[in-house]
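Structure at a glance
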Amino acid sequence: MTAKCVASLDRLSQGRFVFGVGGLEVEEMENHGTVYATRFKLLRERILALKALWTDEEADFTAKW
């Protein structure tokens, strides 16, 4: 859902949309199911999944985290 929304905004803005990620505190992250110590590995995986959804004709992504 996020990938589709961001792609739509990017298209409507003719490439001027900037998508930023991050910014939660330790307690917030853990409350949302993210282990703070491995947050960057999880973030990287999710970004790669979004990129696959944006660029591949038929996206296929296997999560590792």
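In case you missed it, the structure is sitting above this.
The numbers attached to residues start from 1 for each chain and follow its sequence in the written order. Only residues with pLDDT of at least 70 get local features here, since the model is predicted, and only at 80 or more are side-chain atom pairs given and counted; chain-wide, interface and lining totals rely on the full set of residues. Side-chain metrics in this entry use all non-hydrogen atoms of the structure; hydrogen atoms and water are not considered.

**Focus: the side chain of Thr 34**
Quick reminder of the rule: Comment: elements are numbered from the N terminus, with helices defined as DSSP H or I runs of at least four residues and strands as E runs of at least two. Any two residues whose heavy atoms approach within 4.5 Å at even a single point are treated as in contact.
Along the chain, Thr 34 falls in the loop between helix H2 (26–31) and helix H3 (39–55). Sequence-distant contacts of Thr 34, defined by excluding residues within four places in its chain, comprise Met 29, Arg 39 and Leu 42.

**So, unusual backbone geometry**
For the record, the criterion: Burial status follows relative accessibility: with a 1.4 Å probe on protein chains alone, a residue under 20% of its type maximum counts as buried, one over 50% as exposed, and anything between as partly exposed.
Its identity as a non-glycine residue notwithstanding, Gln 14 has a phi of 55°, on the positive side. Checked against the element boundaries, Gln 14 lands in the loop between helix H1 (2–12) and H2. The class for Gln 14 is exposed, based on a relative accessible area of 67%.

**Quick notes on the packing of H1 against H3**
To keep it simple, the criterion reads: Note on geometry: axes are C-alpha line fits, over the in-contact stretch for helices, and angles between N-to-C directions span 0 to 180 degrees. An angle below 35 degrees is treated as roughly parallel, one above 145 as roughly antiparallel, one from 65 to 115 as roughly perpendicular, and anything else as oblique. Handedness of a crossing is defined here by the sense of rotation of the near helix relative to the far one, left-handed for an anticlockwise turn of less than a right angle and right-handed for a clockwise turn. Each residue is assigned to one of three groups, with Ala, Val, Leu, Ile, Met, Phe, Trp, Tyr, Cys and Pro labelled nonpolar, Asp, Glu, Lys and Arg labelled charged, and all others, Gly among them, labelled polar.
Where H1 meets H3, the closest approach of the two axes is 9 Å, and the angle between their N-to-C directions is 60°. Classed by the angle they form, the pair H1 and H3 counts as oblique. As for the relative orientation of H1 and H3, their crossing is right-handed in sense. Mapping the contact onto sequence places Thr 2, Ala 3, Val 6 and Ala 7 in H1 and Leu 50, Leu 53 and Trp 54 in H3. Residue composition of the contact of H1 with H3, grouped by class: 6 nonpolar, 1 polar and no charged.

**Quick word on the packing of aromatic side chains**
So the rule is basically this: Any two of the Phe, Tyr and Trp rings considered here, Trp counted by its six-membered ring, make a pair once their centres fall within 6.5 Å; the pair's planes then place it as stacked at under 30 degrees, edge-to-face at over 60, or tilted in between.
Considering all chains together, one arrives at 2 aromatic pairs under this definition. Between Phe 19 and Trp 54, the ring centres sit 6.3 Å apart and the planes meet at 85°, which makes this aromatic pair edge-to-face. In this pair, Phe 19 is assigned in the loop between H1 and H2 and Trp 54 in helix H3, connecting sequence segments 35 residues apart. Of the residues examined, Phe 19 reaches a relative accessible area of 34% and is grouped as partly exposed.

**Some words on H3**
Residues separated by three or four positions in an α-helix point in the same direction, a consequence of the helix having 3.6 residues per turn. For clarity, the threshold we go by: What a helix should span is 1.5 Å times the count of its residues minus one. Here the arc refers to the directions that run from the helix axis out to each C-beta atom.
Here H3 contains 17 residues, and its C-alpha end-to-end distance of 24 Å stays within 8% of the 24 Å for a straight helix at 1.5 Å per residue. Here H3 has its buried residues at Leu 42, Glu 45, Leu 50 and Ala 52. Take H3 and look down its axis: the buried residues cluster within an arc of 160°, on one side only. More than 90 degrees from the buried face of H3, the exposed residues found are Phe 40, Arg 44 and Thr 55.

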